[in-house]
Amino acid sequence: MPRPPTGGPVPRPEVRRRPSTAPGLAGRPATIPPPLPPIPRTSDSAPVPAPASSPAPVAAPAPASSPVPVAAPAPASSPVPVAAPAPASSPVPVAAPAPASSPVPVAASAPPAAVPPRRIGTAPPADLFALRGVRIPLVGRERELADMADVLARAVDFHTPQLITVIGNQGTGKSRLIAELIENHTRPPVRVLRGPAVQGGGRYGPIQRLMRERFAIVDGEPPEATAARFTAECERVFGDKRVSEVRHFLGQFLDVPLPDMHSPDSPFLRVLGEDPVRHDEITRTVLRRFLEEDAQESPLVLVFEDLQWADDDTLQVLRDLGTSLGGCAIVLIASARPELLVRFSEWGSGTTDHLRIDLRNLEPDDAAAMLHNLLARCDRVPPEIVEDAVEMTGGNPHFLEQLVRLFLDNGTIDTSGEKWRIDPDRAAETELPISIEEAIEARIAALEPEERDVLEKGAVFGNVFWTSAVVALTRLERAAAAGPGPDGARKAPGAADAATLDWTESGEPIKRRILALIDDLVEADYLLKLDPEDSTIAGETEVVFKHNLERELIAKSTESRRLATYHRLAAQWLETKLPARSEEQLEFLAQLYERGGEPHRAAHCYLAGADKAMARYANEQAVGLYSKALSMLGEDDALARLSALHNLGSVLDLIGRTDEAHRQFSEMLRLAWLFDQKGKGGAAHSRLGRIYRRRGEYDRAMEHLRAAHELFTRASDRRGIAGTLDDIGKVHWLRGAYGQALEFHRQALAIRRALGDRRSIALSLANIGRVHNDSGAFKAACRQFREALDLRRDIGDLSGVVQSLCDLGGVHTADGAYEMALEMFSEAHKIAEDIGDKLAQSEVLSRLGECKAAMGRGSEAVEHLLEAISLANLLGHKAAVSECCRRLAEVYIGMGDAGQAYDYARRALAISEEVGIRVHVGTAHRVLAEAIAASGKGDADQMKRAEEHFVRAVEILAGMKNELELARCYRSFAALCDVIGKPADAAKLRQRAEEIFGRLRGAASID
Ligand SMILES: Nc1ncnc2c1ncn2[C@@H]1O[C@H](COP(=O)(O)OP(=O)(O)OP(=O)(O)O)[C@@H](O)[C@H]1O
Ligand SMILES: [Mg+2]
């Protein structure tokens, strides 16, 4: 016999025998039915259950002790499957409810109904439940069968439609149970029609199969004959000749095309043709009316098996039938695997008379009895074989049968003699080749309902959960079920006098029961209890699912309606237990609320998680969380939406997804306008302004910034006003209007100092420093840069620190203090990478390139600059691209590659002219001049061109008083003058350059 898992060819998880925690099996037969003799089978003694192709099989009563139920022979001469009419006023008491102890049904007194023929040419149905020709008796399930028989009798006796749903995993015996009910508890004139669902079947497949049976439709029959019979039946059932419309609607449920069926010439149908929804409604109503009328003739049992495979429309129709059928003897019997209830949670809701039967695996004793029955022909069955088989199959009837089949196939059972002989050694070696899924299903099916309930609640939390969570969920669930009103209040858990509430660790019944169940589940290897000190929630006992696949199956097969409640309650419980929440916990909470149908609370958890992610520069994560939050925040939560849009836009902007950032800020602007939120509108405008400024579209940038300034002013938002002043100042700086730039930055700084916001003070200082730097006030520049850097380090403003390091490093580079500059750049680069700030990375790389070039490390410089260009391109930052190109041209000049230098200098000039940054235009002219001079030595025309570009550069740079760039320009212009024989000009230029550089050196060597 197989042992769990032995690493055989088919890997499978343990299928262990479940310790039976079930209450006693009172009412079940204590003894196992005697072994069955082999019964020779002939075709005319075929037992029922009939497959779908056989209409209305009617079994003669078969006592449970008789192994082979014998079907009533169907007269082949009766062509139409119509039962003998039973007057509506006198319901035919067909199957009297059979007491559980007496499996013999009480025979009905009604005359036998006409039984339709089998399909022509088909063999009598084989017994689906037989093994080697023998069907063993049903084991256990007496209560289920009796309940179902009661329901059947109620429908027939009182003309009240009933719904029976049998739910169970693969092989738990759903089909067999239904077959037993029909064979033993239905008798003519009760008619049984079957509409099984099949995998991948089409729309209305099950109903079509049922209709085939009802109208005895067979393949190969001429369509005219089928149509004639169909019409005649409709006329008869409705007692009316005018059935053309009825035929049209009912014909929707036929899978055979019949002539003149689907488009009769009716004005009513023509109108309906334009309204498919209404058409569908009427189709369903006609089906219901047909069944109700039909059932007036004689009761109907409609069996729909395997509904987990049915199409949605069939499920909808059947559900509607369950709620709307009235005043007739119809029993709908449905069977399905549990996933049906996951997919279609509304199944059975609204139906007053609904019996739901949940079939689990057999209890160990019953499973053992079943195995004995299967092996009845063996002379002796060693007890350990039985024990192992029950353990391995988990008591699943289908697997038990499979195992015996395997024994027969692989020679474990010797069938050559009168008595079969079983070989215990071979049995021990036999592995049941079930898939992992089947094995897991078997283990889950073996759970008691209460145990399963605990696991379902636990699984909501994921792979681990806490005992007190399940206790809380159970209490809350019961409290909700107790309902409102004084009665409910009395029954609700915890409704007693508040002073007497039992808080002890083991006192109160619900808690006691759950703790015991969890212990059982630990014992049975489903769960593992962690040591208290390992619990992620202090003071709570944490429990782990031992097998993840089991947890998944549990979670997957929990009914969706209950699942939503569990998720909601679990989120609430967790919230009370986790005061300080990490990002992951917030995201998890959000998911719980989301699944629990509370999108608004979910959104706020996502927002809180996103804020945390943003704060630690986990940018991609922040983008994901903000996007989720936004998708879930209702239109009415304006404030949260505004802040989410702002933050999402900022993160997107930071990582270079500028267009998306633009969308968020625009949406923020629109929303702010809708709610007349001036401050928020100002913020949106200023962010849009910055995007345009970065793209070099200064006029558009100024429009937005001015709008921002106005809105902030009207909202008396001083922080906003200061920020906008700085932003405007920066545009002036970029355009080379240093005087105006300084004015704006100083105004901003004054407001910021008054507000005492250090982060912004640093920003204004840096801006002022840059203006000083560019206009040659190096000493002042360095002072501002250092102060800004200190402030930024103090408050941990990493983006700001990178900026300040670049600013200072730039001054050191210009001053020739390369090592110092390199140190600053490498620190800046590391931080920029850490925080994922692409713009800052590009800036650092560009500066680094410039510095390395100055140090004579040309190829490294090229590498840095190319990378900086690609980042700047990615961000759409044209100003940065032009600056990098200009620097690259300078590097190539240093490396003696005048051609490349010329190309990059041209590019730098073109872009900077397009963007309109004057200082860049000026320096680009200078570098272009240098490139031309380098390539055209000895060529007078080229020298003339170079001179022209130098003159242009000096004009621009002197005009805007950019001293540093001017000094650089003077110096190389002087070199050209030497070459073209203008020594006096050269000397003059050199002197001016030296004067400026002298000032610079003093400034950079402050400390
Ligand atoms: N209680 C039982 N006693 C004896 N045999 C049983 C019992 N339950 C099921 N069986 C046998 O086990 C086999 C599987 O049962 P059945 O086909 O009814 O399972 P099912 O639940 O319909 O499975 P599926 O989901 O695959 O349709 C059948 O041969 C059936 O006769
Ligand atoms: Mg079945």
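What you see is a predicted model; the values in this text were computed from it and never measured. (Residues numbered from 1 in each chain as written. Chains lettered and ligands numbered in written order. Predicted model: local features only at pLDDT ≥ 70, side-chain atom pairs only at ≥ 80, totals over all residues. Heavy atoms only, no water.)

## Looking at the overall build of the protein chain
At step 1: Within the protein chain, the secondary structure is distributed over 41 helices and 10 strands.
At step 2: At a minimum sequence separation of 6, the contacts of the protein chain that also span at least 24 residues come to 68%.
At step 3: Accessible area of the protein chain: about 43,100 Å², with a carbon and sulfur share of 53%. (Helix = DSSP H or I, 4+ residues; strand = E, 2+ residues; numbered from the N terminus. Contact = heavy atoms within 4.5 Å. Areas by Shrake-Rupley, 256 points an atom, 1.4 Å probe, with all protein chains shown as cover.)

## Quick word on unusual backbone geometry
Leaving glycine out, the prevailing phi sign among residues is negative, and the prevailing peptide bond configuration is trans.
At step 1: In the segment running from P188 into P189, the intervening peptide bond is cis, with an omega of 10°.
At step 2: Secondary-structure assignment places P189 in the loop between α2 (174-185) and β2 (191-194).
At step 3: The phi dihedral of D525 falls on the positive side, at around 80°, and the residue is not glycine.
At step 4: Relative to the assigned elements, D525 resides in the loop between α18 (509-523) and β9 (527-529).
At step 5: According to the relative accessible area criterion, D525 is buried, its value standing at 10%. (Buried < 20%, exposed > 50% of the residue type's maximum accessible area, 1.4 Å probe, protein only.)

## Overview of the pattern of salt bridges
At step 1: As enumerated under the stated definition, the model contains 74 salt bridges in all.
At step 2: With a closest N to O distance of 4.0 Å, R284 and D320 form a salt bridge. Taken as a pair, R284 in helix α7 (residues 276-297) and D320 in helix α8 (residues 312-324) lie far apart in primary sequence, 36 residues in all.
At step 3: The class of R284 is buried, set by a relative accessible area of 18%.
At step 4: Look at D320 and you get partly exposed, because its relative accessible area is 25%.
At step 5: Between R405 and E401 there is a salt bridge, and its shortest N-O distance comes to 3.8 Å. Within this pair, R405 and its partner E401 are both found in helix α12 (residues 397-409), separated by 4 residues, close to a single helical turn.
At step 6: The class of E401 is buried, set by a relative accessible area of 16%.
At step 7: In the salt-bridge network here, residues are joined through shared partners; they are R356, D358, R452, D453, E456, K457, E477, E559 and R562. (Salt bridge = Lys/Arg side-chain N within 4 Å of Asp/Glu carboxyl O.)

## Quick word on the pairing of strand β3 (residues 300-304)
At step 1: Taken across its 5 residues, β3 has 5 buried, putting it largely inside the fold.
At step 2: Burial along β3 is two-sided: L300, L302 and F304 facing one way and V301 and V303 facing the other are all buried.
At step 3: Bridge count between β2 and β3: 4 bridges; the pairing is parallel. Its bridge partner being in β3, L193 is matched across the sheet by L302.
At step 4: Pairing analysis gives 5 bridges linking β3 to strand β4 (residues 330-336), with the strands arranged parallel. Following the sheet pairing, F304 is matched in β4 by A334. (Pairing = 2+ DSSP bridges.)

## Quick look at the site of ligand 1
At step 1: Residues in close proximity to ligand 1 total 21 residues, the closest being K174, S175, R176, R337 and E401.
At step 2: Take S175: an N or O atom from its side chain is 2.7 Å from an oxygen atom of ligand 1.
At step 3: Within the side chain of E401, an N or O atom sits 2.6 Å from an oxygen atom of ligand 1.
At step 4: Burial of ligand 1 by the surrounding chains reaches 90%, relative to a free accessible area of 630 Å².
At step 5: Residue assignment for the shell around ligand 1 shows that the elements contributing at least two residues are α2 and α12.
At step 6: Counted by class, the shell around ligand 1 contains 8 nonpolar, 7 polar and 6 charged residues. (Near = heavy atom within 4 Å. Polar contact = N/O pair within 3.5 Å; in protein donor to acceptor, adjacent residues only side chain to side chain. Nonpolar A, V, L, I, M, F, W, Y, C, P; charged D, E, K, R; others polar.)

## Digging into the environment of Y818
At step 1: Here Y818 is to be found in helix α33 (residues 818-835).
At step 2: Through-space distance from the C-alpha of Y818 to that of L848 is 9.9 Å; in sequence the pair is 30 residues apart.
At step 3: Aside from chain neighbours lying at most four places away, what touches Y818 is T813, C851, A854 and M855.

## Re the sheet that holds β4
At step 1: Taking strand neighbours across the sheet as the criterion, the 5 strands line up as β2-β3-β4-β1-β5 in an open arrangement whose pairing is parallel. Each having just a single partner strand, β2 and β5 (354-359) make up the two edges of the open sheet. Geometrically, the sheet is characterised by an average inter-axis angle of 15° between neighbouring strands, direction not taken into account.
At step 2: This element, α7, spans β2, β3 and β4 of the sheet and lies at about 130° to β3. (Axes fitted to C-alpha atoms, helices over the stretch in contact; angles between N-to-C directions.)

## Description of the sheet that holds strand β8 (residues 464-466)
At step 1: Spatially, the 3 strands line up as an open sheet ordered β8-β10-β9, and their pairing is antiparallel. Looking along the sheet, the strands with just one partner apiece sit at the ends: β8 and β9. Each adjacent strand pair in this sheet contributes to an overall mean axis angle of 30°, direction not counted.
At step 2: Of the strand pairs in this sheet, β8 and strand β10 (residues 542-545) are connected by 3 bridges, and their pairing is antiparallel. Of the residues in β10, the one forming a bridge with W466 is E542.
At step 3: Sheet contacts for helix α15 (residues 449-459): β8, β9 and β10; angle to β10, the most-contacted strand, approximately 100°.

## Re the nonpolar core
At step 1: If you look at the biggest cluster of nonpolar residues, it comprises 157 residues, and the most contacted ones within it are F465, L527 and L574.
At step 2: If near-sequence neighbours (up to four positions away) are discounted, L574 is found in contact with F461, W466, I537, F588, L589 and L592.
At step 3: Formed by 49 residues, the second largest nonpolar core is a distinct cluster that contains F230, L250, F290 and L315. (Core = buried A, V, L, I, M, F, W, Y, C linked by side-chain atoms within 4.5 Å.)

## Describing the pairing of β4
At step 1: Counted residue by residue, β4 has 7 buried out of 7 residues, so it is predominantly covered.
At step 2: Here β4 shows no split at all, with I330, L332, A334 and A336 on one side and V331, I333 and S335 on the other all buried.
At step 3: Sheet topology note: the strand β1 (residues 162-168)/β4 ladder contains 6 bridges and is parallel. Of the residues in β4, the one forming a bridge with V166 is S335.

## Things to note about helix α36 (residues 878-895)
At step 1: When the terminal C-alpha atoms of α36 are compared, their 25 Å separation across 18 residues agrees well with the 26 Å that a helix rising 1.5 Å per residue should span.
At step 2: Within α36, burial applies to A879, A880, V881, S882, C884, C885, R886, R887, L888, A889, V891 and Y892.
At step 3: In this structure, the buried residues of α36 make contact with α26 (678-695), α34 (838-854), α35 (858-875), α37 (898-915) and α38 (918-935).
At step 4: Backbone geometry just after α36 places G896 at a positive phi near 85°. (Expected span 1.5 Å × (residues − 1).)

## Re the packing of aromatic side chains
At step 1: Considering all chains together, one arrives at 11 aromatic pairs under this definition.
At step 2: Consider the rings of F215 and F290, whose centres lie 5.5 Å apart with planes at 35°: the pair is tilted. A residue pair is termed long-range when its members are at least 10 positions apart, and F215 in the loop between α3 (205-214) and α4 (223-238) and F290 in helix α7 qualify at 75 residues. Taken as a pair, F215 and F290 share a single burial class, namely buried.
At step 3: Following the ring pairs from residue to residue traces out a cluster consisting of F215, F230, F238 and F290. (Phe/Tyr/Trp six-rings, centres within 6.5 Å; stacked < 30°, edge-to-face > 60°.)

## Here we look at the side chain of N647
At step 1: The residue N647 is located in helix α24 (residues 638-654) in this model.
At step 2: Since its relative accessible area comes to 14%, N647 is described here as buried.
At step 3: Side-chain polar atoms of N647 contact the side chain of D611, separated by 3.5 Å.
At step 4: In contact with N647, other than residues within four places in its own chain, are D611, M614 and Y626.

## So, the packing of α15 against helix α19 (residues 548-556)
Each pair of packed helices can be described by the angle between their axes along with the distance between the axes.
At step 1: Interhelical geometry of α15 versus α19 gives an angle of 95° and a closest axis separation of 9 Å. In terms of their interaxial angle, α15 and α19 are classed as roughly perpendicular. Judged by residue contacts, R452, L455, E456 and A459 of α15 engage R551, I554 and A555 from α19.
At step 2: Broken down by class, the residue content of the contact of α15 with α19 amounts to 4 nonpolar, no polar and 3 charged. (Parallel < 35°, antiparallel > 145°, perpendicular 65-115°, else oblique.)

## With respect to helix α22 (residues 599-615)
One turn of the α-helix equals 3.6 residues, which is why residues spaced by three or four share an orientation.
At step 1: With 17 residues, α22 should cover 24 Å at 1.5 Å per step; its first-to-last C-alpha distance of 24 Å lies within 8% of that length.
At step 2: Tucked into the core, α22 has its buried residues touching α20 (560-577), α21 (583-595), α23 (619-632) and α24.

## Some remarks on the packing of helix α28 (residues 718-735) against helix α30 (residues 758-774)
At step 1: Viewed as axis vectors pointing N to C, α28 and α30 meet at an angle of 15°, and their least axial separation amounts to 11 Å. Of the possible angle classes, the one that applies to α28 and α30 is roughly parallel. Along this stretch, α28 crosses α30, giving a crossing that reads as left-handed. For the pair α28 and α30, the contacting residues are D726, K730 and W733 in the first and L763, S764, N767, R770, V771 and D774 in the second.
At step 2: Looking at side-chain class alone, the contact of α28 with α30 contains 3 nonpolar, 2 polar and 4 charged residues. (Left-handed = near helix turned anticlockwise from the far one by under 90°.)

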